[in-house]
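Take a look at the letters that make up each chain.
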Amino acid sequence: MRFLRIEVLIIFAVLSSLSLSSCEDFGDPPPRIIPGVSIDGIRLGFTREQVVQIAGKPDAIGLVDGPYGAWELYGYGTFGTQGFRFSVCFIEVPGSDLGPVDLVGTGTGYDGTTREGVGIGWHRHEVHRVLGLPVNSTLGDTANGGWNDYYCFNKTNMLFRYNRNTLWSITLGPLVPEPFYPRCD
């Protein structure tokens with residue numbers, strides 16, 4: 001009986017040493033956007049196999065061509081005519097197969113957020129209040145009052161795109177720097 005009482009006292013001491021805030025943390029969902037690190041667990045440099053293991057089979061696969069490179073795109077969760085809720089781009093490596101993840105992006109209908117709650121639908125001024133001012137801002141779709149805000153987190157670019165000052169897209173990357181992105185080193 002004495003041994004049982006000691007075990008109960010030890011268990012009570014351990015439980016009472018836990019703070020209430022650490023118990024509350026268990027109820028908070030983990031952030032799906034970790035600035036400079038990942039979006040939905042997908043990191044820059046991942047292989048196609050790693051992406052499929054985490055995100056599953058894409059709803060669509062396509063090719064994207066741009067002035068500074070080409071990419072294979074995995075799209076997840078189509079949202080009408082407005083693109084994908086979540087997409088992953090693998091950079092084309094000249095003279096070989098497609099390379100690793102170069103960009104991870106979100107779009108209209110994506111419901112993940114940062115730890116602070118920043119996500120699609122936020123007003124630009126609120127994003128600035130929470131994340132600070134961007135490294136650079138450029139005009140986006142001027143017909144719709146668009147802005148592109150460039151941030152550097154953990155030496156990695158992130159692009160926040162707005163339509164009428166409402167956040168509609170968040171992009172992590174590129175892994176391979178492009179001329180119009182600020183340097184984050």
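Going by the structure above, here's the rest.
Residues numbered from 1 in each chain as written. Predicted model: local features only at pLDDT ≥ 70, side-chain atom pairs only at ≥ 80, totals over all residues. Heavy atoms only, no water.

A look at the overall build of the protein chain
Going by this rule: A helix here means a DSSP run of H or I that spans at least four residues, while a strand means a run of E at least two residues long, and both kinds are numbered starting from the N terminus. Per-residue accessibility, obtained with a 1.4 Å probe over protein chains only, is compared with the maximum for each type, and a residue is labelled buried under 20%, exposed over 50%, and partly exposed between these values. Only heavy atoms matter for contacts: two residues are in contact if any of them lie within 4.5 Å across the pair. Residue exposure ignores everything except the shown protein chains as possible cover, and the areas themselves are Shrake-Rupley values with a 1.4 Å probe.
Along its length, the protein chain carries four helices and ten strands. For the protein chain, with 185 residues in total, the buried portion stands at 36%. Sequence separation of 24 or more characterises 43% of the internal contacts of the protein chain that already satisfy a separation of 6 or more. Looking at the protein chain as shown, the accessible area adds up to about 11,100 Å², and 57% of this sits on carbon and sulfur atoms.

Brief notes about the pattern of salt bridges
Basically, it comes down to this: A carboxyl oxygen of Asp or Glu within 4 Å of a side-chain nitrogen of Lys or Arg is what we treat as a salt bridge.
Under the counting rule described, the total for this entry stands at five salt bridges. Across the salt bridge formed by D111 and R32, the nearest N and O atoms sit 2.5 Å from each other. Residue D111 is found in the loop between β6 (98–106) and α4 (124–131), and its partner R32 is found in the loop between α2 (20–25) and β1 (33–34); the two are separated by 79 residues along the sequence. D111 gets classed as exposed once you look at its relative accessible area, which sits at 60%. The exposure class assigned to R32 is partly exposed, which follows from its relative accessible area of 31%. Put simply, R48 and E72 hold a salt bridge, and the shortest N to O gap is 3.7 Å.

Examining the environment of G112
One can find G112 in the loop between β6 and α4. Put simply, G112 and P30 are 82 residues apart on the chain and 9.6 Å apart in space, counted from C-alpha to C-alpha. Those residues in contact with G112, other than ones at most four positions away along the chain, are R32, I33, V118 and G119.

Some points on the side chain of D102
Put simply, the rule reads: We treat Lys and Arg as the positive residues and Asp and Glu as the negative residues; His and chain ends play no part in the count. Distance and chemistry together define a polar contact, namely a pair of N or O atoms within 3.5 Å, with one atom able to donate a hydrogen and the other to accept it when in protein, and with adjacent residues in sequence counting only for side-chain atoms on both sides.
Topologically, D102 is positioned in strand β6. Despite its burial, D102 pairs with no opposite charge, the nearest such side chain being R48 at 12 Å. Polar contacts involving the side chain of D102 include one to the side chain of W71, which spans 2.8 Å. Setting aside its immediate chain neighbours within four residues, D102 contacts L44, W71, C89, F90, I91, L172, G173, P174, L175 and V176.

With respect to the packing of aromatic side chains
Basically, it comes down to this: We call Phe, Tyr and Trp rings a pair once their centres come within 6.5 Å, taking the six-membered ring for Trp, and we label the pair stacked below 30 degrees between planes, edge-to-face above 60, and tilted otherwise. Put simply, a charge is over a ring when the Lys NZ or the Arg CZ is close to the ring centre, within 6 Å, and near the line of the ring normal, within 35 degrees.
Scanning all chains against the criterion turns up five aromatic pairs. Each ring, one from Y151 and one from F153, has its centre 5.5 Å from the other, and the planes form 10°; the classification is stacked. Comparing Y151 with F153, the two get one shared label, buried. Following the ring pairs from residue to residue traces out a cluster consisting of Y76, F86 and Y110. Here the guanidinium or amino end of R48 rests over the ring plane of F90, the centre of that ring lying 5.8 Å away.

A word on unusual backbone geometry
In this model, G173 is joined to P174 through a cis peptide bond whose omega is 15°. One non-glycine residue, N154, lies in positive phi territory at about 50°. Examined against the element boundaries, N154 turns out to sit in the loop between β8 (147–153) and β9 (156–163). By relative accessible area, which is 56% here, N154 ends up exposed.

With respect to the sheet that holds strand β7 (residues 136–139)
The following threshold applies: Strands were regarded as paired on the criterion that DSSP finds at least two bridges between them. Orientation is described by lines fitted to C-alpha atoms, with helices fitted over the stretch in contact, and by angles between N-to-C directions that extend from 0 to 180 degrees.
Spatially, the eight strands line up as an open sheet ordered β3-β4-β5-β6-β10-β9-β8-β7, and their pairing is antiparallel. Both edges of this open sheet fall to β3 (60–66) and β7, since each of them pairs with a single strand only. Across this sheet, the average inter-strand angle for adjacent strands is 25°, counted without regard to direction. Relative to strand β4 (residues 69–78), β3 is paired through seven bridges, and the arrangement is antiparallel.

Details of the nonpolar core
The condition is simple: Buried Ala, Val, Leu, Ile, Met, Phe, Trp, Tyr and Cys residues form a nonpolar core when they are joined through side-chain atoms within 4.5 Å.
Among the nonpolar cores identified, the biggest contains 25 residues, and V51, V88, V101 and F160 are the most heavily contacted of them. With residues up to four places along the chain from it excluded, the contact list for F160 reads V118, V127, L131, W147, N148, D149, Y151, F153, L167, S169 and I170. Among the nonpolar cores identified, the runner-up in size contains five residues, and W71, L73, C89 and L103 belong to it.

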